[in-house]
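Listed below are the residues making up each chain.
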Amino acid sequence: RTSTGTKELTDINILADEYLRLAYHGLRAKDKSFNADFNLEIDENLPKIKVIPQDIGRVLLNLINNAFYAVSSKASATKDSGYKPRVTVSLKKLNKEIEVNVEDNGYGIPQDIKDKIFQPFFTTKPTGEGTGLGLSLSYDIIMAHNGILNVESMGEDGTKFTIKLPVD
C-alpha cells in the first residue's frame with residue numbers, strides 16, 4: 001500500500017488481523033516447515049482512531065515479523081523439545097488510548113541489548129537478514145502519532161511490544 005500521509009479514521013482491529021495473517025503467511029511462503037500458533041485478541045468496543053493506516057500497518061508488520069522470527073529461531077534451536085511457537089496480538093481500550101500488544105514466546109531480549117533496539121542500524125539478526133531500521137522506524141512512526149512504543153522481555157520466555165495510541 002502506498003501512504004497518503006493523511007490520517008484517517010481506522011479500525012485497528014481489522015488492521016491488526018490483516019497484518020498478523022500477512023506476516024504469518026509471508027514467513028510460511030519462505031519456510032514451508034515453519035509452523036506457529038498465532039492468536040488475535042480483539043476488543044469489539046475499540047473506537048476507530050485517526051492514524052495513517054499504512055504507517056501503523058508498517059509498524060504492526062515489523063513487530064509481528066520480528067515476533068515470528070523470534071519463535072522461528074527458538075523452534076530451530078530447540079528441535080523436538082515440546083516447544084510450541086506462539087505469537088499473540090491483543091488490543092484493548094484503556095481510558096483515552098488504545099493498547100496493542102505483540103507478544104511472542106521466543107528467546108526474549110537480553111537487558112544489554114534491550115536498551116539499544118530502537119537505535120537506527122542496530123540489529124541482532126545475521127548479516128543480510130536485517131537492516132536494523134525496522135524498530136527505529138516503528139518507534140518514530142508511533143511517536144509521530146503521539147503514541148508510545150515499549151518493549152518488555154520475559155527472559156527466555158519471550159518478548160512483548162506494547163503500542164499505546166491516543167483516542168482523539
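To be clear, the structure that these remarks concern was listed above.
About the cut-offs
- Residues numbered from 1 in each chain as written.
- Predicted model: local features only at pLDDT ≥ 70, side-chain atom pairs only at ≥ 80, totals over all residues.
- Heavy atoms only, no water.
- Helix = DSSP H or I, 4+ residues; strand = E, 2+ residues; numbered from the N terminus.
- Buried < 20%, exposed > 50% of the residue type's maximum accessible area, 1.4 Å probe, protein only.
- Contact = heavy atoms within 4.5 Å.
- Areas by Shrake-Rupley, 256 points an atom, 1.4 Å probe, with all protein chains shown as cover.
- Phe/Tyr/Trp six-rings, centres within 6.5 Å; stacked < 30°, edge-to-face > 60°.
- Salt bridge = Lys/Arg side-chain N within 4 Å of Asp/Glu carboxyl O.

Q: Summarise the overall build of the chain; cite the residues concerned and give the values.
A: Along the chain, the regular secondary structure elements total four helices and seven strands. In the chain, the order of α-helices and β-strands from amino to carboxyl end is β-α-β-β-α-β-β-α-α-β-β. For the chain, the proportion of its 168 residues judged to be buried stands at 40%. Restricting the contact set of the chain to residue pairs at least 6 apart, pairs at least 24 apart contribute 68%. Carbon and sulfur atoms make up 49% of the accessible area of the chain, which totals about 9300 Å².

Q: Hey, could you go over the packing of aromatic side chains for me, with residue numbers and the actual values?
A: One pass over the structure, following the stated rule, counts seven aromatic pairs. Aromatic side chains Phe34 and Phe68 sit 6.1 Å apart centroid to centroid with 85° between the ring planes, which places their arrangement in the edge-to-face category. With Phe34 in the loop between helix H1 (12–30) and strand E2 (37–41) and Phe68 in helix H2 (residues 53–77), this pair connects stretches of sequence that are 34 residues apart. Put simply, the rings of Tyr24, Phe34, Phe38 and Phe68 pair up and form one aromatic cluster.

Q: Go over helix H4 (residues 134–144), please, and point to the residues and values.
A: Side chains that are three or four residues apart share a direction in an α-helix, a result of its 3.6 residues per turn. Taken together, the buried positions of H4 are Leu135, Ser136, Ser138, Ile141 and Ile142. Against the buried residues of H4 lie H2, strand E6 (148–153) and strand E7 (159–166). Looking one or two places after H4, you find Asn146, whose phi comes out positive at around 60°.

Q: Requested: an account of the pattern of salt bridges, with residues and values cited.
A: In this structure the tally under the stated criterion is four salt bridges. Between Arg58 and Asp55 there is a salt bridge whose closest N-O contact spans 3.6 Å. Taken together, the positions of Arg58 and Asp55, both in helix H2 and three residues apart, correspond to about one turn of that helix. In this structure, the salt-bridge partner of Lys164 is Glu99, at a minimum N-O distance of 3.8 Å. Separated by 65 residues along the polypeptide, Lys164 in strand E7 and Glu99 in strand E5 (residues 97–104) bring together distant segments of the chain. Among the charged side chains, a network of salt bridges with common partners joins Lys92, Glu99 and Lys164.

The values are spatial; any link to function lies outside them.
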